[in-house]
Amino acid sequence: MSKKGRILSGMRASGRLHIGHLSVLENWLRLQDEYECFYFVADLHALTTAFDDPGAIKENTLAMVADWLAVGLDPQKSVIFVQSDIPEHAELHLIFSMFTPLSWLERVPTYKDQVQQFKEQGKDIMTYGFLGYPLLQAADILMYRADAVPVGEDQLPHLELCREVARRFNHLYTRIFPEPRAELARVAMLPGVDGRKMSKSYANDISLTASFEEIKERVNAMITDPARIRKSDPGHPEVCVVHKYHDYYSADRIAAIEEDCRAGRVGCVACKRALAEKIDALLAPVRERREKITERYVAEVIAEGARKARVEAAATMALVRAALKM
Ligand code: TRP
Ligand code: SF4
């Protein structure tokens, strides 16, 4: 194998992707040529919060794979699969759970935060499975003995736990698992159009497959500088959502955009128009490819992905069972 090593990453099956995911996927794409890549949809992880309403998980999973293919993930280069197609993930998770101290899981910073967040929405997720979320993630990663995991910063505590689990397994039994590193990339941390966290459930996101009309509608809804009434009023780009997007997508022109805003030389309508066109240019090819991706093709891709992933999973589980003398 002439590649530099093995990459694994996944996304929780949580519905339609938005523009915020695009930079993550671009990072995945970039790695496809240099590394042996495994990319999967974490549908079991989706069950940790949707256990009372699992009906949408499958549809979300298939839509997510279609979006990945539209962005350019290539099943000839990468293994694209669905977590629940590989039952070994659940088995490895169970084995890890035997030697992982509860305190390791309880101190993962996302845990208490999320339990609290869901409680405020009237939902109790203090389940065994939710506490074990990062442990299942460790099983996902270590199953393929990945060298690196491309993730956003929010996932760093989960990756740290994964390394600790690998170390403990290697120390208790036999050295099987490498300790994977995080592969951080420039990821767009863009807010939703209303300035809150971007989320489909707030209807403040721009879908990865949005039409030009939909893009314009969302960009028009972006919060701008409230102090600007007339075009000639000096603006404050630092308080404006449109500016945050320009800062990411129009990085080459950002100094001029800020100057024009501060000097009252450009109106918000024109500024938004320019942003909508920029975003449309970015999404148009994705949208076109997405329209041509059939359900049947998605089914073929994940069946082939499962076949390849299972070979690796079976090999790892054979080593694990031998290490445990089972
Ligand atoms: N927790 C990740 C997220 O919310 C999804 C995930 C599950 C994952 N298993 C993984 C990411 C393994 C990387 C590697 O996005
Ligand atoms: Fe925001 Fe652009 Fe209006 Fe300035 S001109 S406030 S950056 S939309």
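Please read these numbers as outputs of a predicted model, since none were measured by experiment. (Residues numbered from 1 in each chain as written. Chains lettered and ligands numbered in written order. Predicted model: local features only at pLDDT ≥ 70, side-chain atom pairs only at ≥ 80, totals over all residues. Heavy atoms only, no water.)

1. Digging into helix H12 (residues 254-262)
So, step 1. The complete set of buried residues in H12 reads Ile254, Ile257 and Cys261. For H12, the buried positions fall inside an angular range of 60° around the axis, keeping them on one side. Exposed and oriented more than 90 degrees from the buried face of H12 are Ala255 and Glu259.
So, step 2. Looking at the buried side of H12, the elements it contacts are helix H11 (241-249) and helix H13 (268-292). (Buried < 20%, exposed > 50% of the residue type's maximum accessible area, 1.4 Å probe, protein only. Helix = DSSP H or I, 4+ residues; strand = E, 2+ residues; numbered from the N terminus. Arc of directions from axis to C-beta. Contact = heavy atoms within 4.5 Å.)

2. Some remarks on the environment of Ala138
So, step 1. Structurally, Ala138 is set in helix H8 (residues 133-143).
So, step 2. It is 18 Å that separates the C-alpha atoms of Ala138 and Leu324, two residues lying 186 residues apart in sequence.

3. Digging into the nonpolar core
So, step 1. Counting residues in hydrophobic clusters, the biggest one holds 54 residues, and the most contacted among them are Trp68, Ile206, Met222, Tyr245 and Ile279.
So, step 2. Sort the elements by how many residues they give to this core and helix H3 (residues 57-71) lands first, with eight residues.
So, step 3. Looking at this core, you find at least three residues from each of domain 1 (6-189 + 295-323) and domain 2 (200-289).
So, step 4. Core analysis: the next-biggest nonpolar cluster, separate from the first, contains 44 residues, Val79, Phe99, Val115 and Val320 among them. (Core = buried A, V, L, I, M, F, W, Y, C linked by side-chain atoms within 4.5 Å. Domains from an automatic or database assignment.)

4. Concerning the packing of aromatic side chains
So, step 1. Under the counting rule described, the total for this entry stands at 16 aromatic pairs.
So, step 2. Judged by centre distance (4.3 Å) and plane angle (0°), the ring pair of Trp28 and Tyr39 falls under stacked. On the criterion of sequence distance, the pair formed by Trp28 in helix H1 (residues 19-34) and Tyr39 in strand S2 (residues 36-42) is long-range, its members being eleven residues apart. As far as burial versus exposure is concerned, Trp28 and Tyr39 are alike and both buried.
So, step 3. Ring geometry for Phe96 versus Phe169: centroids 6.4 Å apart, planes at 70°, classification edge-to-face. With Phe96 in helix H4 (residues 88-99) and Phe169 in helix H9 (residues 156-172), this residue pair connects regions lying 73 residues apart in the sequence. Here Phe96 and Phe169 have matching classes, each one buried.
So, step 4. Grouped by ring-pair contacts, the aromatic residues Phe96, Phe99, Phe169, Tyr173 and Phe177 constitute a single cluster.
So, step 5. Here the basic side chain of Lys123 rests over the ring of Phe51, its NZ or CZ set 5.3 Å away from the ring centre.
So, step 6. Directly above the ring of Tyr202 sits Arg196, whose terminal nitrogen or CZ lies 3.9 Å from the centroid. (Phe/Tyr/Trp six-rings, centres within 6.5 Å; stacked < 30°, edge-to-face > 60°. Lys NZ or Arg CZ within 6 Å of the ring centre and 35° of its normal.)

5. A short note on the site of ligand 2
So, step 1. As a matter of local geometry, ligand 2 sits amid Thr224, Asp225, Arg228, Cys240, Val242, His243, Cys261, Cys268 and Cys271.
So, step 2. In this structure, ligand 2 is accommodated by the largest cavity.
So, step 3. Sorting the residues of the shell around ligand 2 by element identifies H11 and H13 as the ones contributing at least two each.
So, step 4. Of the residues belonging to the shell around ligand 2, the class tally is five nonpolar, two polar and two charged. (Near = heavy atom within 4 Å. 1 Å grid on protein atoms, 1.4 Å probe; cavity = no way out; pocket = protein on both sides within 12 Å on 5 of 7 lines; lining within 4 Å. Sits in = over half its atoms within 2 Å of the grid points. Nonpolar A, V, L, I, M, F, W, Y, C, P; charged D, E, K, R; others polar.)

6. Some words on empty space enclosed by the protein
So, step 1. Inspection of the entire model under this criterion finds two cavities of 30 Å³ or more.
So, step 2. Lining the largest cavity we find 15 residues, and of these Arg228, Cys240, Cys261, Cys268 and Cys271 sit closest to its centre.
So, step 3. Contributing elements (two or more residues each) for the lining of the largest cavity: H11, H12 and H13.
So, step 4. Taken as a whole, the second largest cavity encloses approximately 30 Å³ of empty space.
So, step 5. Mapped onto the lining of the second largest cavity, the elements with two or more residues apiece are strand S3 (78-82) and helix H14 (295-323).
So, step 6. Sort the elements by how many residues they give to the lining of the second largest cavity and H14 lands first, with four residues. (Points joined across faces, edges and corners; volume = space filled by probe spheres on them.)

7. Points about the domain arrangement of the protein
So, step 1. Split into domains, the protein comes out as domain 1 (6-189 + 295-323) and domain 2 (200-289).
So, step 2. Listed as interface residues are 14 residues of domain 1 and, on the opposing side, 13 residues of domain 2.
So, step 3. Buried area between domain 1 and domain 2, both sides added, is near 1400 Å², and the carbon and sulfur share of it is 61%.
So, step 4. When residues of domain 1 are sorted by the area they lose upon contact with domain 2, Arg16, Ile19 and Ala70 head the list and together hold 45% of the total.
So, step 5. Along the contact surface separating domain 1 from domain 2 lie one salt bridge.
So, step 6. Across the pair Arg16 and Asp205 runs a salt bridge, and its minimum N-O distance is 2.9 Å. (Buried area = accessible area lost by both parts, 1.4 Å probe. Salt bridge = Lys/Arg side-chain N within 4 Å of Asp/Glu carboxyl O.)

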